[in-house]
Amino acid sequence: MDVGILDLFWIFLAVSSLTPMLRKRYLDAARQRIMRQFEKKRNSRLITLIHRQEAISLLGIPVSRYIDIEDSEQVLRAIRLTPDHMPLDLILHTPGGLVLAAEQIAHALVRHKGQVTVFVPHYALSGGTLLALAADEIVMDENAVLGPVDPQIGEYPAVSILAAIEKKDINDTDDKTLILADVARKAVRQVNDTVKRLLVANGMVEKDAEALGDKLSCGKWTHDYPIGVEEANELGLPVREGLPKEIYSLMSLYPQPSQRRPSVQYIPVPYRRESEPGSPKGTNGHAVG
């Protein structure tokens, strides 16, 4: 039977439209398989809050993700489905998001009677750090980071708005700036109080909680200041290294949308040094994984 150009076009169109759906189903199944293995290993409920850029339909337009109300609804639903004393594990990979959503999740985590552990493979910034503060234990990759939780008003840090208004004569300040300063003052106080409550609820001495709350929410650092494992420990947070290998496998199943040219490339196999016993030598002096 002869196949015309038009037939080939329709076949190509059908395959192109089915491929993303099949790939999504494969990724969903692979993620759930690893999650179930992890839950059985730790006898816990595992929740993931992983924000990557997503692609819209066939247009391939990247959309930045952040903690929003839909996230808080889903996480709260998962917590409600978990027995009171069952451990909760939360994998965080997020740049932050809405204060309201992050606070809702954080308070729900603190109220959970079982052990709450947050795992940070790469970063949990801003609202993500607020969620980490609600955990009994924070487990991080040795290169992972947390960050300050100072609120942002539009494109500006709230503490910077307050610092700017203090240098101006109130009579020379327009109404919009005064309103922004009022909102900024309330936002800083709100987040600061939330941080202190979370820390005290998890057993930190009130005086230490106040000091740490001020550092994290009152503009000591820029909003993107990275707080690594060592500094987090110095601040008094319950942080340790040692992510389970399943988390790295799970993260690999959340790929960024493909681009024309990858910005990072490497041979995706583990290498061993020559000195390790039983390691065959490769031509470049490394052992071939």
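Look up: the structure comes first, before these words.
Description of the structure in this document. The residue numbering used here restarts from 1 in each chain and proceeds along that chain's sequence as written. The model is predicted, so local features are restricted to residues of pLDDT at least 70 and side-chain atom pairs to those at 80 or more, both for listing and for counting; the totals for chains, interfaces and linings are taken over all residues. Values reported for side chains reflect all heavy atoms of the structure, with hydrogen atoms and water molecules removed beforehand.

1. Here we look at the packing of helix H2 (residues 69-80) against helix H3 (residues 99-111)
Under the convention used in this document: Here an axis means a line fitted to C-alpha atoms, over the contact stretch when the element is a helix, while the angle between two N-to-C directions is reported on a 0 to 180 degree scale. Elements are defined by DSSP. Helices are runs of H or I of four residues or more, strands are runs of E of two residues or more, and each kind is numbered from the N terminus. The scheme is simple: roughly parallel for angles under 35 degrees, roughly antiparallel for over 145, roughly perpendicular for 65 to 115, oblique for anything else. The hand of a helix crossing depends on one turn: near helix anticlockwise from the far one by less than a right angle means left-handed, and clockwise means right-handed. Any pair of residues with heavy atoms lying within 4.5 Å of one another is described as a contacting pair. For this classification, the nonpolar set comprises Ala, Val, Leu, Ile, Met, Phe, Trp, Tyr, Cys and Pro, the charged set comprises Asp, Glu, Lys and Arg, and every other residue, Gly included, is treated as polar.
It is the contact of H2 with H3, at a shortest axis distance of 8 Å, that shows an interaxial angle of 10°. Judged by the inter-axis angle, H2 sits roughly parallel to H3. Judged by the twist between their axes, the crossing of H2 over H3 is left-handed. Residues Ile69, Asp71, Ser72, Val75, Leu76 and Ile79 of H2 pack against Leu100, Ala101, Gln104, Ile105, Ala108 and Leu109 of H3. Partitioning the contact of H2 with H3 into residue classes produces 9 nonpolar, 2 polar and 1 charged.

2. Quick notes on helix H5 (residues 158-166)
The test is simple: Working definition: with a 1.4 Å probe on protein chains only, accessible area under 20% of the residue-type maximum means buried, over 50% means exposed, and in between means partly exposed. By definition, the arc is the one covered by directions from the helix axis to the C-beta atoms.
Among all positions in H5, only Ala158, Val159, Ile161, Leu162 and Ile165 are buried. One face of H5 carries all of its buried residues, which in axial projection span an arc of 160°.

3. Points about the sheet that holds strand S4 (residues 88-93)
Heads up, the rule is: For two strands to be treated as a pair, DSSP must find at least two bridges joining them.
An order of S1-S4-S5-S7-S11 is seen for the 5 strands of this open sheet, with the pairing classed as parallel. Edge positions in the sheet fall to strand S1 (45-50) and strand S11 (239-241), since each of these pairs with one other strand and no more. Each strand of the sheet is rotated relative to its neighbour by a mean of 25°, with strand direction disregarded. Pairing of strand S5 (residues 116-120) with strand S7 (residues 137-140), which is carried by 4 bridges, proceeds in the parallel orientation. Its bridge partner being in S7, Val120 is matched across the sheet by Met140.

4. Some details on the pairing of S4
Counting buried residues in S4 gives 6 out of 6 residues, a clear majority hidden from the surface. Side chains of S4 alternate between two faces, with Leu88, Leu90 and Leu92 and Asp89, Ile91 and His93 buried alike. One ladder, built from 6 bridges, connects S1 with S4; its direction is parallel. Across the sheet, the residue bridging to Leu49 is Leu92, located in S4. Bridge count between S4 and S5: 4 bridges; the pairing is parallel.

5. Some remarks on the packing of aromatic side chains
Any aromatic ring pair is given by two values, namely how distant the centres are and how the planes are angled relative to each other. Our working rule: Aromatic pairs are defined between Phe, Tyr and Trp rings, using the six-membered ring for Trp, whenever the two ring centres lie within 6.5 Å; interplanar angles under 30 degrees are classed as stacked, those over 60 as edge-to-face, and all others as tilted. Only Lys NZ and Arg CZ are tested; either one counts as a charge over a ring when it is within 6 Å of the ring centre and within 35 degrees of the ring normal.
Inspection of every chain in the model, using the stated rule, returns 2 aromatic pairs. Where Phe38 meets Phe119, the ring centres are 5.7 Å apart and the plane angle is 85°; that geometry is what we call edge-to-face. Highlighted residues: Phe38 in helix H1 (residues 5-42) and Phe119 in strand S5, separated in sequence by 81 residues. For Phe38, a relative accessible area of 1% translates into the label buried. For Phe119, a relative accessible area of 1% gives the class buried. With 4.9 Å between their ring centres and 5° between their planes, Trp221 and Tyr225 make a pair best called stacked. Judged by its relative accessible area of 15%, Trp221 is buried. The partly exposed category is assigned to Tyr225, whose relative accessible area is 24%. Taking the ring centre of Tyr254 as reference, the NZ or CZ of Arg31 above it sits at 3.9 Å.

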